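Descriptive structure summary
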Amino acid sequence: MGLKPTRIEVDELVLRPLVAGDEAAVATAMADPDILRWTAGSAVLRVPADRRAVKWLESRIDGWSRNNAVFAVADAATDVLLGSVTLRDVNRVPDQAVVAYWVSPAARGRRLAARALDAAARWAFTSPGDGGLGLHRLSLDHALVNEGSCRVAIRAGFLLEGTMRDYYVEADGRRHDSHLHARLAPDPRPAERL
Ligand SMILES: CC(C)(COP(=O)(O)OP(=O)(O)OC[C@H]1O[C@@H](n2cnc3c(N)ncnc32)[C@H](O)[C@@H]1OP(=O)(O)O)[C@@H](O)C(=O)NCCC(=O)NCCS
């Protein structure tokens, strides 16, 4: 079945499907140690550094056909990619999806992840008749030591549900306790200006 590729505008940002032309911006992001550590994924880490952007993009440009809503978060004026928000495994568990995000180092400090995550969540909770996914629950996890990610989750309205012991495993085998956060469709929206 798959998902319909979608475009969402919020503030000075646009959430849009990834394109091959995002490769240079993704390559900059894939050189960041924190993105590699927390969110790039083992398939990307396994390839040489100069192939990581292509590897990251190849499964995500057409991720929509496999029920993954993979958004570039771009500057609406220039269309340059600044970050990414993904809602993966949409409806693998009925009415649910799992969220992930990153922001390129040069674009950090503007609460971009929280604002993009909130916009993607509101779209995901919107009924299909109105162009959304009609989901009920979105969840995410982050290693406890990744405090910035915890701030993003809370600010975007994803409540802390608990701690999963030794949940996240780094490429070198280090294990980290992780927070589980989730936002439900009926939860109150976070503050209007994030
Ligand atoms: C997490 C990430 C997406 C946040 O990017 P961003 O939207 O630009 O975030 P900001 O710099 O605006 O900071 C957001 C909040 O986190 C806080 N924060 C950022 N870095 C932090 C750190 N190292 N320790 C503690 N708090 C931190 C900020 O103070 C801010 O808090 P506030 O909203 O209460 O004011 C970005 O750092 C990133 O891409 N990290 C690597 C990938 C990653 O960890 N992804 C999540 C995987 S679970």
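Residues numbered from 1 in each chain as written. Predicted model: local features only at pLDDT ≥ 70, side-chain atom pairs only at ≥ 80, totals over all residues. Heavy atoms only, no water.

The protein has the name RimJ/RimL family protein N-acetyltransferase in an unreviewed UniProt entry, where Kribbella orskensis is given as its organism.

It is worth spelling out the overall build of the protein at this point. What the protein contains, in helices and strands, is 6 helices and 8 strands. Secondary structure elements in the protein, listed N-terminal to C-terminal, are β-β-α-α-α-α-β-β-β-α-β-α-β-β. Compactness check: the protein gives a C-alpha radius of gyration of 16 Å against a globular reference of 16 Å for 194 residues, within 12% of the reference. Across its three principal directions, the C-alpha atoms of the protein cover 45 × 40 × 35 Å. For the protein, the residues scored as buried account for 46% of the 194 residues in total. If you take every contact in the protein between residues at least 6 apart in sequence, the share linking residues at least 24 apart comes to 59%. A total of about 9800 Å² of accessible surface is found on the protein, and carbon and sulfur atoms cover 52% of it. Taking the average place of the 26 positive charges on the side chains of the protein and the average place of its 25 negative ones, the gap between the two points comes to 1 Å. (Helix = DSSP H or I, 4+ residues; strand = E, 2+ residues; numbered from the N terminus. Rg over C-alpha atoms; globule rule 2.2 N^0.38 Å. Buried < 20%, exposed > 50% of the residue type's maximum accessible area, 1.4 Å probe, protein only. Contact = heavy atoms within 4.5 Å. Areas by Shrake-Rupley, 256 points an atom, 1.4 Å probe, with all protein chains shown as cover. Lys, Arg positive; Asp, Glu negative; His and termini not counted. Charge placed at Lys NZ, Arg CZ, Asp CG, Glu CD.)

On to the sheet that holds strand β8 (residues 175–184), then. Overall, mixed pairing links the 8 strands, which are arranged β1-β2-β3-β4-β5-β6-β8-β7 in an open sheet. The open sheet has two edge strands with one neighbour each: β1 (8–10) and β7 (159–169). Between one strand axis and the next, the sheet turns by 25° as a mean value, whatever way the strands run. When strand β5 (residues 96–103) meets strand β6 (residues 137–143), the two strands line up parallel, connected through 3 bridges. When the sheet's bridge partners are listed, V98 is paired in β6 with S139. Against the sheet, helix α5 (residues 112–125) engages β1, β2 (13–17), β3 (69–75), β4 (81–88), β5, β6 and β8, with an angle of about 35° to β4. This element, helix α6 (residues 147–155), spans β5, β6, β7 and β8 of the sheet and lies at about 10° to β8. (Pairing = 2+ DSSP bridges. Axes fitted to C-alpha atoms, helices over the stretch in contact; angles between N-to-C directions.)

To continue, consider the site of the ligand. In the vicinity of the ligand lie 22 residues, with Y101, R111, A113, N146 and R155 positioned nearest. Contacts to the ligand include G109, whose backbone N or O atom sits 2.9 Å from an oxygen atom. R151 is positioned with one of its side-chain polar atoms (N or O) 3.0 Å from an oxygen atom of the ligand. For the shell around the ligand, the elements supplying multiple residues, two or more each, are α2 (33–38), β5, α5, β6 and α6. The biggest single contributor to the shell around the ligand is α6, with 6 residues. Looking at the shell around the ligand residue by residue, the classes come out as 8 nonpolar, 6 polar and 8 charged. (Near = heavy atom within 4 Å. Polar contact = N/O pair within 3.5 Å; in protein donor to acceptor, adjacent residues only side chain to side chain. Nonpolar A, V, L, I, M, F, W, Y, C, P; charged D, E, K, R; others polar.)

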